[in-house]
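Residue-level structure breakdown
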Amino acid sequence: MLKIGILGSSGKMGGLRRYLFAQMPDCQVVALCDTQKPAIHDLPFSTDPYDIIRNADVDAVCICTPNYLVKDLVIASLNQGKHVFCEKPMATDSPGVRSVMESVRVAKDKKLGLVAGFCWRYDAPRREFYARVLDGAIGEIRAVHATYLTGPVKPMPPADKRPAGMGDIEWQ
């Protein structure tokens, strides 16, 4: 069982990650952190992210804080031997990017996971496109115009209308 602490637990992404981790049988959220203590909470809570990072019961940290805090929390988490998942961007300036690149080395050396929520990174059509660009199959790229078009999340059917055992994660 992977025990997770969520930093930035009261925001949109922190709430979403908590919900998603609850759907995963091998994960358990064990601690929450945010700037304000919620009126109702059912888990250990702190307004200090370093309390969660130092918590011996936490195996992994999910960082959903404002962008300017991410790189320092990543470093602290890795230094405490925690696996890290963080929302993007991991850094907002050149020194931050260099710090993140060093964090990747630290994670590898410690055999820890360090993953950022780049949702399109593993998309097969995009990977194929970039492979063709890098192989020179498309020719010299002079300009790129890209858009990001999305629609609503597909509606969840009633439980009796979907395959047995299929939860929200599998449906999405």
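Our structure is the block above this text.
Everything in this summary refers to the structure shown in the same document. (Residues numbered from 1 in each chain as written. Predicted model: local features only at pLDDT ≥ 70, side-chain atom pairs only at ≥ 80, totals over all residues. Heavy atoms only, no water.)

Some words on the overall build of the protein chain
Rules: Helix numbering and strand numbering both begin at the N terminus, where a helix is a DSSP run of H or I of at least 4 residues and a strand a DSSP run of E of at least 2. Whether a residue is buried, partly exposed or exposed follows from its accessible area with a 1.4 Å probe, protein chains only, as a fraction of its type maximum: under 20%, in between, or over 50%, in that order. The contact criterion used throughout is that any non-hydrogen atoms of two residues lie within 4.5 Å. To be clear on the numbers: accessible area is Shrake-Rupley with a 1.4 Å probe, and residue cover counts the displayed protein chains and nothing else. In this count, Lys and Arg are taken as positive residues and Asp and Glu as negative ones, while His and the chain termini are left out. The atoms used to mark charge sites are NZ of Lys, CZ of Arg, CG of Asp and CD of Glu.
For the protein chain, the helix and strand inventory stands at 6 helices and 6 strands. Listing each helix as α and each strand as β along the protein chain from the N terminus yields β-α-β-β-α-β-α-β-α-β-α-α. Over its C-alpha atoms, taken along the principal directions, the protein chain stretches across nearly 55 × 50 × 30 Å. Taking all 172 residues of the protein chain together, the buried fraction comes to 31%. When contacts within the protein chain are restricted to residue pairs at least 6 apart in sequence, long-range pairs at least 24 apart make up 56% of them. Split by element, the accessible area of the protein chain, about 11,600 Å² in all, is 57% carbon and sulfur. One finds the centroid of the 22 positive side-chain charges in the protein chain at a distance of 2 Å from the centroid of its 19 negative side-chain charges.

Re the packing of aromatic side chains
Our working definition: Side-chain rings of Phe, Tyr and Trp, where Trp is taken by its six-membered ring, are said to pair if the distance between their centres is within 6.5 Å; with planes under 30 degrees apart they count as stacked, over 60 as edge-to-face, and otherwise as tilted.
Throughout the structure, instances matching the rule amount to 1 aromatic pair. Look at Phe129 and Tyr130: their rings are 5.2 Å apart centre to centre, the planes differ by 70°, and that puts the pair in the edge-to-face class.

Brief notes about the pattern of salt bridges
Oppositely charged side chains can form a pair if their charged atoms are brought close together. Under the convention used in this document: What makes a salt bridge here is a side-chain nitrogen of Lys or Arg within 4 Å of a carboxyl oxygen of Asp or Glu, nothing more.
If you walk through the whole model with that rule in mind, you get 9 salt bridges. Across the pair Asp109 and Arg105 runs a salt bridge, and its minimum N-O distance is 2.4 Å. In this pair, Asp109 and Arg105 both sit in helix H4 (residues 94-110), 4 residues apart, roughly one turn of the helix. According to the relative accessible area criterion, Asp109 is exposed, its value standing at 52%. Residue Arg105 is classed as partly exposed on the basis of its relative accessible area of 41%. Of the charged contacts in the structure, one is a salt bridge between Glu128 and Arg132, with a shortest N-O distance of 2.8 Å.

A look at the nonpolar core
Heads up, the condition is: For our purposes a nonpolar core is just a set of buried Ala, Val, Leu, Ile, Met, Phe, Trp, Tyr and Cys residues, chained together by side-chain atoms within 4.5 Å.
One finds Leu7, Ile63, Val74, Leu78 and Cys86 to be the most contacted residues of the largest nonpolar core, which totals 23 residues. Among the elements of the structure, strand S2 (27-33), helix H2 (49-54), strand S4 (60-63), helix H3 (67-79), strand S5 (83-86) and H4 are those that each provide at least two residues to this core. Of all the elements, H3 adds the most residues to this core, at 5 residues. One finds Phe21, Cys27, Leu43 and Phe45 within the second-largest nonpolar core, a separate group that totals 11 residues.

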